[in-house]
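# Descriptive structure summary
One letter stands for each residue in the lines below.
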Amino acid sequence: MTEKCDVLILGAGAAGMMCAIRAGQRGRSVIILDHARAPGEKIRISGGGRCNFTNIHAGPKNYLSANPHFAKSALARYTPRDFIALVEKHRIAWHEKTLGQLFCDDSAKDIIRMLLGEMQAVNAKLRLETAVSTVAHDGGRFRVTTSGGVIEAQSLVVATGGKSIPKMGATGFAYQIAEQFGLKLIETRPGLVPLTLDPAALERLSPLAGVAVPAEISHGKTAFNEALLFTHRGLSGPSILQISSYWREGDVIRLKLEPGRDIVALLKEAKQKNGRQSAQTALAEILPKRLAQHVVEQSGLTGNLADMSDKALAKLAGEVQDWQIKPAGSEGYRTAEVTLGGVDTTGLDSRNMAAKSVAGLYFIGECVDVTGWLGGYNFQWAWASGQAAGEFA
Ligand code: FAD
C-alpha cells in the first residue's frame, strides 16, 4: 500500500520536528520518519542533559559556511526570541548560563516533549524505527521506499543531520540524497571536537591531564576566550572545541592562559611582598598548582623571586601566556558535536532551503553547510532552517 502526504520529512531531530510543526500549522499533511527508536536523541543528550537550546546573541557571524551570507535570511526570520516564546508557551523554565547560552532548568526532555506536543497539535505523523531504502522522483512527486512501506509526497525534506556521533545513528544519509539529485557537497569534517597531540607533546603535558584554566585560544585572526581542559589525549574544553572548527591539519594554535591577568605585574607584586618565595609558589596563587609547576619546569627558573630579574619574570609570564601548539589531529566524528561542510548552499534557496534544481526537495539543519559555534547556535540554526522550509514545503 502506498501512503500519501503533502510533506515527508526524513529525520525527527531538531530541524525535522520544527519543520513538521510549521508545515502542519499551514494545513499540510505531514509524515516525519526516523530510523531511531526515539525522536530528538541529540536534543536529549545536549547541554549535559539540559539542552542549550539557543543563544540570545545568535547571528550570521556565529556560523561557518563556504557562503557566510546564506544563513542570514532564515536566522532573521526565526530568531532566538521566537524560540524562547515557544519555550515559555510550554512553561519550560530556563536560565542563561553564560555568554547568552540558554538552558532548560530541568531537562532537555522538556524540549522534546514540547516539539512532540506541537507536532501532535497539527496532526503530523511520526514514524520511528523506519529505515529508508530508496528515494525516487517521478512526475513531480517523491516516492520513498521505507521499511514500513512506500510513502508518496509532494515535498521531501531531508533533515537527517551530519556524521557526528555515529553511535547515535548519524549516517551521512543526507549527503547521499543530495548527490543522487545532483547537488554539490562541501567536504565534511568533524567540528566542535577535542584536539589530540603527538606522543612527545602528550608526554610533556601528561601531568596536566584534568587541569582546567581560562584561556584565549587563537587560530590566525579567530580567537575564543573560554575554558581550556588538558586531557589524557590532548586538549579540550569550550575554547578548544570552538577553535577546532577553524583548525586544519598542520596548523598551529596559540594558547594564552589566564588571558585576563597581567602575570608579569602579579609576579612583580609577589616579589615585592615576599621575595623569598619560589616562583612556583607565587604562580600557584594565580594558576592551578600542577600548571604552576609545569610552567616553572618549562622555564628552568626554579629559584626565589628575589633572585629573578624583570627579564626572568617576563620569561615566566611568557610560559603562561604564549604557548604555540601544533595539534596532531582531532578525536573525529566519534566525539564531534557537529559536522562542518555538507550540502553546498549554492544549490539551495536561502529563503526556504529548497533545492534550486529539484522542485519540492529541501535540506535543513546540520546536513547543510552551515555550522554554528558552541553555545546554542547549532540548535538555533536547526530551528530557523526547519521553520524556513516548513513555511514553504
Ligand atoms: P539531528 O538532531 O542529528 O537529527 C537527525 C535525525 O535524523 C536523527 O534523529 C537521526 O536518527 C535521523 N537519521 C539519520 N540518518 C537517518 C536515516 N538514514 N534514516 C532515517 N533517519 C535518520 N547544539 C546546540 O545548539 N546546543 C547544545 O547544547 C548542543 N549539544 C550537543 C551535544 C552533543 C553531545 C552533540 C553530539 C551535539 C550537540 N549540539 C548542540 C549540536 C546539535 O545537537 C545539532 O546541531 C542538532 O541536533 C542538529 O539538528 P538536526 O535536526 O539537523 O540533526
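Just so it is clear, the structure is predicted and the values come from calculations on it, not from any experiment.

With that out of the way, let us pick up the pattern of salt bridges. This model, assessed by the stated rule, comprises 16 salt bridges. In this structure, glutamate 41 engages arginine 44 in a salt bridge whose closest nitrogen and oxygen atoms are separated by 2.8 Å. In this pair, glutamate 41 and arginine 44 are both assigned in helix H2 (residues 41–45), three residues apart and thus about one turn of the helix distant. On the basis of relative accessible area, arginine 44 is assigned to the partly exposed category, the value being 34%.

Our next topic: the site of the ligand. The local shell around the ligand holds 29 residues, among which Ala15, Asp34, Thr171, Glu366 and Phe379 are the closest. Glutamate 366 places a polar main-chain atom, nitrogen or oxygen, 2.8 Å from an oxygen atom of the ligand. Between the ligand and asparagine 378, the relevant distance is 3.3 Å, taken from an oxygen atom to a main-chain nitrogen or oxygen of the residue. Against a free-state accessible area of 1,000 Å², the protein chains account for coverage of 92% of the ligand. When residues in the shell around the ligand are grouped by element, the largest group, four residues, is from helix H13 (residues 377–390). In terms of residue class, the shell around the ligand is built from twelve nonpolar, 13 polar and four charged.

Okay, the packing of helix H1 (residues 14–25) against helix H5 (residues 109–121) next. The interhelical angle for the contact between H1 and H5, taken along N-to-C directions, is 25 degrees, at an axis separation of 8 Å. Between H1 and H5, the angle is such that the two are roughly parallel. Considering how the two elements wind past one another, H1 and H5 form a crossing that is left-handed. Of H5, the residues touching H1 (which contributes Met17, Ala20, Ile21 and Gln25) are Leu115, Leu116, Glu118 and Met119. The residue inventory of the contact of H1 with H5, partitioned by class, reads six nonpolar, one polar and one charged.

Summed over the entire model, instances satisfying the criterion amount to ten aromatic pairs. For the pair phenylalanine 142 and phenylalanine 181, a centre-to-centre distance of 6.1 Å together with 65 degrees between the ring planes defines the contact as edge-to-face. Remark: phenylalanine 181 occurs in the loop between helix H6 (173–180) and strand E11 (185–191) and phenylalanine 142 occurs in strand E9 (residues 141–146); sequence separation between them is 39 residues. Phenylalanine 181 gets classed as buried once you look at its relative accessible area, which sits at 15%. An aromatic cluster is built from Tyr63, Phe224, Tyr246, Trp373 and Tyr377, whose rings are joined through pairwise contacts.

We now examine the environment of serine 309. Mapped onto the elements, serine 309 comes out in the loop between helix H11 (289–299) and helix H12 (310–321). Residue serine 309 is classed as partly exposed on the basis of its relative accessible area, which comes to 42%. Separated by 21 residues in sequence, serine 309 and serine 330 have C-alpha atoms that sit 40 Å apart.

Compared with the 20 Å implied by 1.5 Å per residue over 14 residues, the 20 Å span of H13 between its first and last C-alpha is a close match. Taken across its 14 residues, H13 has 13 buried, putting it largely inside the fold.

A separate point is the confidence of the model for the protein. In this model, the protein carries a mean pLDDT of 97, and residues with pLDDT of at least 70 account for 100%. Scored as a complex, the prediction yields pTM 0.97 and ipTM 0.99.

What follows deals with the nonpolar core. Judged by nonpolar contacts, the single largest core of 81 residues is most densely connected at Leu8, Ile43, Phe83, Ile111, Phe363, Trp381 and Trp383. Apart from the residues lying within four places of it in its own chain, the contact partners of tryptophan 381 are Tyr63, Phe70, Ala71, Ala74, Leu75, Met353, Gly365, Val368, Val370 and Gly386. With 41 residues, the next largest nonpolar core counts Trp247, Leu255, Leu257 and Met308 among its residues.

On to the sheet that holds strand E15 (residues 234–236), then. Within a beta sheet, neighbouring strands are joined by backbone hydrogen bonds and run either parallel or antiparallel to one another. An order of E17-E16-E13-E14-E15-E12-E18 is seen for the seven strands of this open sheet, with the pairing classed as antiparallel. What marks the edges here is a single partner per strand, and that holds for strand E17 (323–325) and strand E18 (329–330). Direction of pairing for strand E12 (residues 195–196) relative to E15: antiparallel, over a ladder of two bridges. Within the sheet, the bridge partner assigned to threonine 196 lies in E15 and is glycine 234. Those strands touched by H12 are strand E16 (253–257) and E17, and its axis lies near 120 degrees from that of E16.

Between H11 and H12, whose axes approach to 9 Å, the crossing angle comes to 125 degrees. Our classification of the angle between H11 and H12 gives oblique. The two elements H11 and H12 cross, and the hand of that crossing is right-handed. In this structure, H11 uses Val295, Val296, Gln298 and Ser299 to contact H12, whose residues at the interface are Lys315, Leu316, Glu319 and Val320. Across the contact of H11 with H12, the residue classes tally to four nonpolar, two polar and two charged.

Spatial ordering of the open sheet is given by E3-E6-E5, a layout of three strands whose pairing is antiparallel. Of all strands in the sheet, those bounded by a partner on one side alone are strand E3 (52–55) and strand E5 (94–96). Ignoring strand direction, the axes of neighbouring strands in this sheet form an average angle of 30 degrees. Judged from the three bridges that link them, E3 and strand E6 (residues 101–104) form a sheet pairing that is antiparallel. Within E6, the position partnered with threonine 54 by the bridge is leucine 102.

Another aspect to go through is the side chain of serine 65. Looking at the secondary structure, you find serine 65 in the loop between strand E4 (63–64) and helix H3 (72–77). Separated by 3.1 Å, the side chain of serine 65 and the backbone nitrogen of asparagine 67 make a polar contact. Within the structure, serine 65 has its side chain in polar contact with the backbone oxygen of aspartate 369 (distance 2.7 Å).

Cut-offs applied
- Residues numbered from 1 in each chain as written.
- Predicted model: local features only at pLDDT ≥ 70, side-chain atom pairs only at ≥ 80, totals over all residues.
- Heavy atoms only, no water.
- Salt bridge = Lys/Arg side-chain N within 4 Å of Asp/Glu carboxyl O.
- Helix = DSSP H or I, 4+ residues; strand = E, 2+ residues; numbered from the N terminus.
- Buried < 20%, exposed > 50% of the residue type's maximum accessible area, 1.4 Å probe, protein only.
- Near = heavy atom within 4 Å.
- Polar contact = N/O pair within 3.5 Å; in protein donor to acceptor, adjacent residues only side chain to side chain.
- Areas by Shrake-Rupley, 256 points an atom, 1.4 Å probe, with all protein chains shown as cover.
- Nonpolar A, V, L, I, M, F, W, Y, C, P; charged D, E, K, R; others polar.
- Axes fitted to C-alpha atoms, helices over the stretch in contact; angles between N-to-C directions.
- Parallel < 35°, antiparallel > 145°, perpendicular 65-115°, else oblique.
- Left-handed = near helix turned anticlockwise from the far one by under 90°.
- Contact = heavy atoms within 4.5 Å.
- Phe/Tyr/Trp six-rings, centres within 6.5 Å; stacked < 30°, edge-to-face > 60°.
- Expected span 1.5 Å × (residues − 1).
- pLDDT = per-residue confidence, 0-100.
- Core = buried A, V, L, I, M, F, W, Y, C linked by side-chain atoms within 4.5 Å.
- Pairing = 2+ DSSP bridges.

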